[in-house]
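Notes for the structure review
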Amino acid sequence: MTMSKHASAYIATLTAAVVATAFVVFIANATVDPLWYFGGNKIGTVNYAFNERLSKTNLFLSRKDRYDCIIFGDSRVTLLPEDKIGGYKCFNFAFSAGKAAEAVAYARFLRAHDFRPKLVIMGVPGAAFRERIGGADIPAFIREGDTPKSPYLAYLSIDTLRMSLQTLFGKSPLDRVYDRQFICRVAPGAPAYDPAKPIRDLFAGRFVARDRVSFYDEIRTIFPEAILAGYVPPISAWAIGAYAERGWLDEYVDVLHLASTKFDLFTDYGVPSAMTIDRSNTYDGTHYSEPANTVIARSLMIGGSEDALDLKKLDAVEMRRAYAKRLRRYEAAIADGLAN
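The following paragraphs examine the structure supplied in this document. Because the structure is a prediction, the values reported are computed rather than measured. (Residues numbered from 1 in each chain as written. Predicted model: local features only at pLDDT ≥ 70, side-chain atom pairs only at ≥ 80, totals over all residues. Heavy atoms only, no water.)

**What to know about the overall build of the protein**
What the protein contains, in helices and strands, is 13 helices and nine strands. Oriented by its inertia axes, the alpha-carbon framework of the protein measures out at about 95 × 50 × 35 Å. Accessible surface, the protein as shown: approximately 16,000 Å² in total, 56% of it carbon and sulfur. (Helix = DSSP H or I, 4+ residues; strand = E, 2+ residues; numbered from the N terminus. Areas by Shrake-Rupley, 256 points an atom, 1.4 Å probe, with all protein chains shown as cover.)

This is the structure in structure tokens:
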């Protein structure tokens, strides 16, 4: 009888300890909110990007009635400030290594959840058309049109607790962070850009996968009521110079021009310009600063900034000439950057 009483007391104590621990873990995770179920970090001033494909879905679903515009793209596009797109309430759904095939899957998911934007903005980098790119990383719930895991399960996880602790006491897993309003910013301590050091994956493959422009047709089919606006994110003038030296520039230009035909508006901010020749505007040659992206956001719907190319007003031959002219203009600066 005594042993039975002790066993019962032990089980009750153990159960209470487990419940208390689970409660503490949940409260800690819900307060820091590393997966953005509840509006983000309530303690600090930044939100880290541990899993943008999941966390941005959680954030969007919690406030989808606010928006009439959606932005798709890769990590370069995450830095486009959604609050600077005039006339629209945009949600930036771009994420690391995002691909057009993933944008199509997410667009179908959003449509299934009754989201009908007036404007769809897509970042279209030349890298989207390389002959070899990595596979798409589409979560099962997106493919199946389901909802993400409940926060009441996700936030009982010790793995998620590690994310919370890293948010409070550690470094960002990326060179980008999100503020309390979920505007993406360059993380403190991001490296300085050195043009003499080649951009990662600079020559990962030629720009010959022209068939991928069909993904933009699919986006139009999913959101037929929306204006479809595309843009080429800025890329270092040194990268464009390297493509020209290798003999790849014409195919790079031609496939971007082909992509532009799928959009109502299309602006190229990747052409060599004052923005892309200024090393202080980027930390790696492809991810550009907040001021640079603010210029893009404010000019995107009006044909671009002074140095950008409005590809709806140029044919492919004129676009090639514009690139050649810009490379000649910045030839000395490009050579100087490689030498230093």
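**Topic: a nonpolar patch on the surface**
On the surface, a cluster of nonpolar side chains totalling about 420 Å² of accessible area is made up of Ile-43, Leu-165, Leu-168 and Phe-169. Along the chain, Leu-165 falls in helix H7 (residues 158-169). Relative accessible area serves as the criterion here: at 42%, Leu-165 is assigned to the partly exposed category. (Patch = residues over 30% accessible without salt bridge, like charges linked within 9 Å, V, L, I, M, F, W, Y side chains within 5 Å. Salt bridge = Lys/Arg side-chain N within 4 Å of Asp/Glu carboxyl O. Buried < 20%, exposed > 50% of the residue type's maximum accessible area, 1.4 Å probe, protein only.)

**Notes on the nonpolar core**
Within the largest apolar cluster, 76 residues are counted, with the highest numbers of intra-cluster contacts made by Phe-72, Met-122, Tyr-216 and Tyr-252. With eight residues, the top contributor of residues to this core is helix H4 (residues 100-112). What Tyr-252 contacts, discounting residues up to four positions off in sequence, is Gly-126, Phe-207, Val-232, Ile-235, Ile-240, Tyr-243 and Tyr-323. (Core = buried A, V, L, I, M, F, W, Y, C linked by side-chain atoms within 4.5 Å. Contact = heavy atoms within 4.5 Å.)

**Some words on the side chain of Asp-179**
Within the element layout of this structure, Asp-179 appears in strand E5 (residues 176-179). Overall, Asp-179 belongs to the buried group, its relative accessible area being 12%. Side-chain polar atoms of Asp-179 contact the backbone nitrogen of Ile-183, separated by 2.9 Å. At 3.0 Å, the side chain of Asp-179 forms a polar contact with the side chain of Arg-185. Once residues within four sequence positions are removed from consideration, Asp-179 is found in contact with Thr-45, Asn-47 and Arg-185. (Polar contact = N/O pair within 3.5 Å; in protein donor to acceptor, adjacent residues only side chain to side chain.)

**Considerations on the sheet that holds E5**
If you trace the three strands from one edge of the open sheet to the other, you get E1-E5-E6, paired in antiparallel fashion. The sheet terminates laterally at strand E1 (46-47) and strand E6 (184-186), the two strands that pair on one side only. Note that E5 and E6 share three bridges and pair antiparallel. Opposite Tyr-178, over in E6, you have Cys-184 as the bridge partner. (Pairing = 2+ DSSP bridges.)

**Examining the pattern of salt bridges**
Within this structure, the stated rule accounts for 17 salt bridges. A salt bridge links Arg-76 to Asp-74, with the nearest nitrogen and oxygen atoms 2.6 Å apart. Residue classification places Asp-74 among the buried residues on the basis of a relative accessible area of 7%. Connected through shared salt-bridge partners, Arg-53, Glu-102 and Asp-137 make up one network.

**Some details on the pairing of strand E4 (residues 119-123)**
When you tally the buried positions in E4, you get five out of five residues, the bulk of the element. Here E4 shows two buried faces, one formed by Leu-119, Ile-121 and Gly-123 and the other by Val-120 and Met-122. Two strands pair when backbone bridges link them, and strand E2 (residues 69-72) and E4 are joined in this way by four bridges, in the parallel orientation. The residue of E4 that forms the bridge with Ile-71 is Ile-121. Looking at chain direction, E4 and strand E7 (residues 227-232) are connected through five bridges and run parallel. Residue pairing in the sheet places Met-122 in a bridge with Gly-230 of E7.

**Considering the sheet that holds strand E9 (residues 309-310)**
With mixed pairing, six strands are arranged side by side in an open sheet as E3-E2-E4-E7-E8-E9. The outermost strands of the open sheet, each flanked by one partner alone, are strand E3 (90-92) and E9.

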